[in-house]
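# Observations on the three-dimensional arrangement
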Amino acid sequence: MQNNAPEALEANAAAPSGAVLRLVVQNHPGVMSHVCGLFARRAFNLEAILCLPSGDGRRSVILLVANEDQRLEQVIRQLAKLEDVVEVRRAPEAGHAFAAAARIVC
Amino acid sequence: MQTTGADLLIRLLERQGIDTIAGIPGGASLPLYDALRSSRIRHVLARHEQGAGFIAQGMARATGRAAVCFGTSGPGATNLLTAIADAKLDSIPIVAITGQVPCAMIGTDAFQEIDTYGLTVPITKHNYLVRSADELLEIIPDAFRIAQSGRPGPVVVDVPKDVQQAAIDVATLPEPGTPDPRPAIAPADVAAAAEMIAAAERPLLLIGAGVIAAGASERLRELAEKDLIPVASTLLGLGALPSHHPLFLGMVGMHAARSTNLALEECDLLIALGIRFDDRATGKVAAFCPGAKIIHVDIDASELGKIKQPALGIEGDVGDWLDIVLPRLGARRREPWLRRVDELRTEHPLATPGRDDPLQPYGAVHQTAALAGDGAIVTSDVGQHQMWAAQAFPFSSPRQWLTSGGLGTMGFGLPAAIGAALAYPERKVICFTGDGSLLMNLQELATAAEENVDVAVVLLNNGHLGLVRQQQQLFYGERYHASRFHAAPDFAAIARGFGIEAYDLGRTADPRASLERALSRRGPCLINIPIPAAENVYPMVPPGAANRDMIDGGTHAE
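Now for a look at the structure at hand. (Residues numbered from 1 in each chain as written. Chains lettered and ligands numbered in written order. Predicted model: local features only at pLDDT ≥ 70, side-chain atom pairs only at ≥ 80, totals over all residues.)

Moving on: the overall build of chain A. The number of helices and strands found in chain A is four helices and four strands. Secondary structure elements in chain A, listed N-terminal to C-terminal, are α-β-α-β-β-α-β-α. Contacts in chain A between residues far apart in sequence, at least 24 positions, make up 75% of those at least 6 positions apart. (Helix = DSSP H or I, 4+ residues; strand = E, 2+ residues; numbered from the N terminus. Contact = placed C-beta atoms within 7 Å.)

Let's shift gears to the overall build of chain B. Along its length, chain B carries 22 helices and 20 strands. By the compact-globule yardstick of 24 Å for 558 residues, chain B fits well, its C-alpha radius of gyration being 24 Å. Each of the three principal axes of chain B carries a C-alpha extent, and together these read 70 × 65 × 40 Å. Sorting the 558 residues of chain B into buried and exposed places 57% on the buried side. Relative to all contacts within chain B whose residues are 6 or more apart in sequence, the contacts with residues 24 or more apart total 76%. (Rg over C-alpha atoms; globule rule 2.2 N^0.38 Å. Buried ≥ 20, exposed ≤ 12 C-beta atoms within 10 Å, placed from the backbone.)

Attention now goes to the pairing of strand 4 (residues 67-71) of chain B. Residues and elements named next belong to chain B. The buried fraction of strand 4 is high, at five of five residues. Here strand 4 shows a buried face lined by Ala67, Cys69 and Gly71 and a second buried face lined by Val68 and Phe70. Where strand 2 (residues 20-23) and strand 4 come together, three bridges link them in parallel fashion. Counterpart to isoleucine 21 in the pairing with strand 4 is valine 68. In terms of strand pairing, strand 4 meets strand 5 (residues 94-100) through five bridges, oriented parallel. In the sheet register, phenylalanine 70 faces strand 5, and the bridge partner there is isoleucine 97. One crossover worth recording links strand 4 to the parallel strand 5 by way of helix 4 (residues 75-89), and it is right-handed. (Pairing = 2+ DSSP bridges. Right-handed = clockwise from strand over helix to strand, strands pointing away.)

Turning our attention to helix 22 (residues 511-520) of chain B. For an α-helix, the turn length of 3.6 residues means that residues three or four places apart are oriented alike. Residues and elements named next belong to chain B. Those residues of helix 22 lying buried are Pro511, Leu515, Ala518 and Leu519. One side of helix 22 holds all its buried residues, which, seen down the axis, span an arc of 90°. Turned more than 90 degrees from where helix 22 packs its buried face, Ala513 and Ser520 sit exposed. Looking at the packing, one finds that the buried side of helix 22 touches helix 15 (361-372), strand 18 (455-461), strand 19 (501-504) and strand 20 (525-530). (Arc of directions from axis to C-beta.)

Here we take up the packing of helix 11 (residues 258-266) of chain B against helix 14 (residues 335-347) of chain B. Residues and elements named next belong to chain B. One can describe the packing of helix 11 onto helix 14 by two numbers: an axis separation of 9 Å at closest approach and a directional angle of 150°. One finds that helix 11 runs roughly antiparallel with respect to helix 14. The interaxial crossing formed by helix 11 with helix 14 has right-handed handedness. Facing Ser259, Leu262, Ala263 and Glu266 of helix 11, the residues of helix 14 in contact are Arg340, Val341, Leu344, Arg345 and Glu347. A class-by-class count of the residues in the contact of helix 11 with helix 14 yields four nonpolar, one polar and four charged. (Axes fitted to C-alpha atoms, helices over the stretch in contact; angles between N-to-C directions. Parallel < 35°, antiparallel > 145°, perpendicular 65-115°, else oblique. Left-handed = near helix turned anticlockwise from the far one by under 90°. Nonpolar A, V, L, I, M, F, W, Y, C, P; charged D, E, K, R; others polar.)

All right, on to the sheet that holds strand 2 of chain B then. Residue and element names in this part refer to chain B. Spatially, 3-2-4-5-7-6 is the arrangement adopted by the six strands of the open sheet, whose pairing is parallel. With one partner strand each, in any of the chains shown, strand 3 (42-45) and strand 6 (126-129) form the two edges of the open sheet. The average angle at which neighbouring strand axes cross in this sheet is 20°, direction not considered. Summarising the sheet, strand 2 and strand 3 pair through four bridges and their orientation is parallel. Along strand 3, the bridge assignment pairs alanine 22 with valine 44.

So, on to the interface of chain A and chain B. Contacts between chain A and chain B engage ten residues on the former and ten residues on the latter. When contributions to the side of chain A that touches chain B are tallied by element, the ones reaching two or more residues are helix 2 (31-41) and helix 3 (72-81) of chain A. Across the side of chain A that touches chain B, the residue classes break down as no nonpolar, six polar and four charged.

So, about the sheet that holds strand 10 (residues 231-233) of chain B. All names here are of chain B. The strand order 11-10-9-12-13-14 describes an open sheet built from six strands, whose pairing is parallel. Each edge of the open sheet carries a strand with a single partner, namely strand 11 (248-251) and strand 14 (312-315). Taken over all neighbouring pairs, the strand axes of this sheet differ in orientation by 15° on average, direction set aside. In this structure, strand 9 (residues 203-207) lies alongside strand 12 (residues 269-273), joined through five bridges in parallel fashion.

A separate point is helix 16 (residues 384-392) of chain B. Residues and elements named next belong to chain B. Taken across its nine residues, helix 16 has nine buried, putting it largely inside the fold. For helix 16, the full list of buried residues reads Gln384, His385, Gln386, Met387, Trp388, Ala389, Ala390, Gln391 and Ala392. Packed against the buried residues of helix 16 are strand 11, helix 15, strand 15 (377-380), strand 17 (429-434), strand 18 and helix 20 (466-475).

See below:
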């Protein structure tokens, strides 16, 4: 952590590129394994995940970055089928969250 | 009302209308069994949890209603996995309830602890780990709602032992879970479909399990007859239209009659109802129905465009769609197309050699069918016998044919037959099996004897893993390995050892009379039918090839 000049942080901050999906899910242990398991099982690419509880904590919002290709529509439909997924949509406006996270994490 | 988690769970199952549960008790599920003792629910003691899972599947497939199986924690749960995965791939509504170690011991590698929740994520429609007894009030109705809504499927409910034992005060019991309302079909989609059908010169219906799940067989027949559209079926759609129907072309795909695959090749409109374009049905996808536009109706939106992009994808229940589209169709006659289909059927029919000899594959299927009658339910295991039965058995009604399609699970047939017989005690159940498959859940002969179910196990015994042998012959230069059983069990003696009547058609002067005797009696029996090991299932599309490129016995005679 010696080299913590702002320029260096910017240089390291590689925000993932791809389609941003926003999921509203029931907040209970196991939801993440359903979502991540779906990507692994169907050989979909998952570049990044952000997850935070929302509102009163009964639900969470998950932001995902997935490959923008012809399989994305299938990804969205499979996600929508998960019982704990209340809502799923494309959310290009949320992309900056990953850029911000990248500055802190990477 | 003061009660325990276990009593509450059993009470909720009763309210779901469950009358039979298959399972095996163990340490972590004993409170459930203690509660079950005073319930009107009948417990059928399987001899392996996989058997219990397939017994539940047999009940669910035969009735269309969700069925329940019980297993304990650890090995009880892992033994259920295959039956659960099988239900997922074939969209069968079962609710598997497993015992789990007490909450405080979860994560400690306790005795018979396994992460049932984690293991069942990819093979269920949904799954639960119940963390307190009051959660059961929501979870149990939800489990049944989910299992039976939309595209049906399996649900797992993992219940820790202390949750089963916990005292709970319940004010009111929840309503039983019922299926969610079905998605409304967009009127524009119906109009577009009606136009496409009216404009088609060579339309063809391809039907799958979704037609049966929707209870839409009658309406399907109406559509086919109204517009005189030929109908082909996937393995799991068999029975939705009677096999003898003049418009029925039989099963499509890897072991279809050549004429059926060629008709698909030539159609200009494929109306795909409740199918998922499985690779055994489509062959090489890029070459499937090359000249056809596709209308695809399925209740699962993620199936639309998953494998094959339809010109018109309609999310909805096949029966609902038929209801709306039927009045819009105007009985069009397409004589050239019907003549062409007939021509294909005459030129390339399904060859069923040995039809009259019960010691030949098609003969065994044909003679069994003739003796069993229309009312019989038919299950199969997986392999050559399954394909011979699918090709040649004259199915007459939906839910008559119960087979493991997607997962292709050897060992399915016997326990599924027991489940079907429990659901319909007045009907004869035939289980076509092979000597490889039967051994995979042989222990359930004990369950069959104990329950005295009317199941006739028709064993096509070729001393091989026949479909493996066939592939080694055709595609691996006849380099046979690990496909022949060098030890030949005496299956008739084994069945008798389980207390089951047995007939060996290889050791009788009049095999047909022996078969007739076996099938005319009630109660479990096993009929061993030695068949030649060299018999193959033909025609066959080599794996990965296009459906038009079928090989048959003529090209590959030994």
